[in-house]
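# Residue-level structural notes
Listed below, chain by chain, are the residues.
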Amino acid sequence: MQIDVRKLEQLTASLPIRFLDDRVRQSIIIADCEPIYFSSAVEEGSENLPGGGCGENMRSAYSHPDKPYEPLITALFYLIKEQLPNLQMMDVGALWGHTSLVAATIFGKSTIHLFEMNPITTEVLKKNVKFNEHLKAKFDVQNVVLSDIDVTTNVTFKHYTARYGKGKGGSNLSPIKILRENFKSWLKRTFQHDGRGDYITSQMRVRSLDNYCHEKNFVTNLIKIDVEGSQYAVLEGARQVLSQHPSVVLVEFDTADSANNIGKSNRDVLQLMQSMGYRCIWGDHRSRNVHLRQIDTSSKVDIEVNSLAIFY
């Protein structure tokens, strides 16, 4: 894989991306690609969904029709599409499906596996996928937690938060804290205010990408990971995949106070990927005017911030 950093910066700054808002359906149009759609039905809004629901969350992400969300990722897809004529993608932390749908419209024919840990969010994600049946992609939506273990266990959710396995999914949530926070939400609803959302516990499968790809007989060539602090565990569980089938890997870096922090820094992630032979381009994925750097573990730049690492 070859990535022209200067050309990628130019594309990020200039690629036409437009967001069209509607109370039933929102649209994103990228350059000469087919439009992609997201559900924004008012009745789908819920305090148990991140941002209050897909429509409100997307509206916040696209604060202006011509101010795109995470333009660096869109520009990267556009830049490398000729090098990946048959996209085989895994979207870990899919949320509403934004990254997957952007990839599907840019790459055309593709197979994309979307992983979303929150079962409530997953139902909206499935609807968004159905909205985009006009794209030439084959989508497979999975409501599972990805990590470096494979077990069925109780997982406690709230928005972007997932806790399981005695701290494996981040610091433990005590039963007292769960009761207290859920009681606060109940009080707000009782007095006709917006609640804070509820912690919900459900038995779920926690899987590794290595086992998943083996069971599905799936060979990936692009992986996107946005899991609010648990990315190191996801990558540990994908060592075989990453070693046997070199891929482009997009990892959103997080701050130390992220929702699912497991005690591993962004530099730990960089070291892990470097040990497997990957190079890294790093920068701010939310800015049109991005300055990208080629970094490694000896680089002195502060990477413990919300940012994007492109491993290749």
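Residues numbered from 1 in each chain as written. Predicted model: local features only at pLDDT ≥ 70, side-chain atom pairs only at ≥ 80, totals over all residues. Heavy atoms only, no water.

Scanning the entire structure with this criterion turns up 5 aromatic pairs. Ring centres of Phe115 and Tyr212 lie 4.9 Å apart, and the angle between their planes is 75°; this geometry places the pair in the edge-to-face category. One end of the pair, Phe115, is in strand S5 (residues 110-115); the other, Tyr212, is in helix H7 (residues 209-216), and 97 residues separate them in sequence. A relative accessible area of 1% places Phe115 in the buried class. When the centroid spacing of 5.7 Å and the interplanar angle of 20° are considered together, the rings of Phe183 and Trp186 count as stacked. Of this pair, Phe183 and Trp186 both sit in helix H6 (residues 175-190), 3 residues apart, roughly one helical turn. Through pairs of rings, three or more aromatic residues link up here, namely Phe19, Tyr62 and Tyr69. (Phe/Tyr/Trp six-rings, centres within 6.5 Å; stacked < 30°, edge-to-face > 60°. Helix = DSSP H or I, 4+ residues; strand = E, 2+ residues; numbered from the N terminus. Buried < 20%, exposed > 50% of the residue type's maximum accessible area, 1.4 Å probe, protein only.)

Turning our eyes to something else, we now look at the nonpolar core. In terms of nonpolar packing, the biggest core is built from 54 residues, with Ile3, Leu8, Ile28, Phe77, Ile80 and Ile310 touching the most fellow members. Those residues in contact with Leu8 that lie beyond four places of it in its chain are Ile3, Leu72, Ala75, Leu76, Leu79, Leu292 and Ile310. In this structure, Met90, Leu146, Cys213 and Ile223 belong to the second largest nonpolar core, which totals 34 residues. (Core = buried A, V, L, I, M, F, W, Y, C linked by side-chain atoms within 4.5 Å. Contact = heavy atoms within 4.5 Å.)

The next thing to look at is the sheet that holds strand S1 (residues 17-20). Pairing is antiparallel across the open sheet formed by 3 strands, whose spatial order is S1-S2-S3. Either end of the sheet is taken by a strand with one partner, and the two such strands are S1 and strand S3 (36-39). Averaged over all neighbouring strand pairs, the angle between strand axes comes to 20°, with direction disregarded. Bridge analysis of strand S2 (residues 25-30) against S3 gives 4 bridges, and the strand direction is antiparallel. By the bridge assignment, Gln26 is partnered in S3 with Phe38. Relative to S2, helix H2 (residues 54-61) is tilted by about 40°, and along the sheet it contacts S1, S2 and S3. Each of S2 and S3 is contacted by helix H4 (residues 98-107), which is oriented at about 155° to S3, the strand it contacts most. (Pairing = 2+ DSSP bridges. Axes fitted to C-alpha atoms, helices over the stretch in contact; angles between N-to-C directions.)

Attention shifts here to unusual backbone geometry. The residue Ala31 is not glycine, and still its phi comes out positive at about 45°. If you trace the backbone, Ala31 turns up in the loop between S2 and S3. You will see that Asn217, though not glycine, has its phi angle at about 55°, which is positive. Residue position: Asn217 is located in the loop between H7 and strand S11 (222-225).

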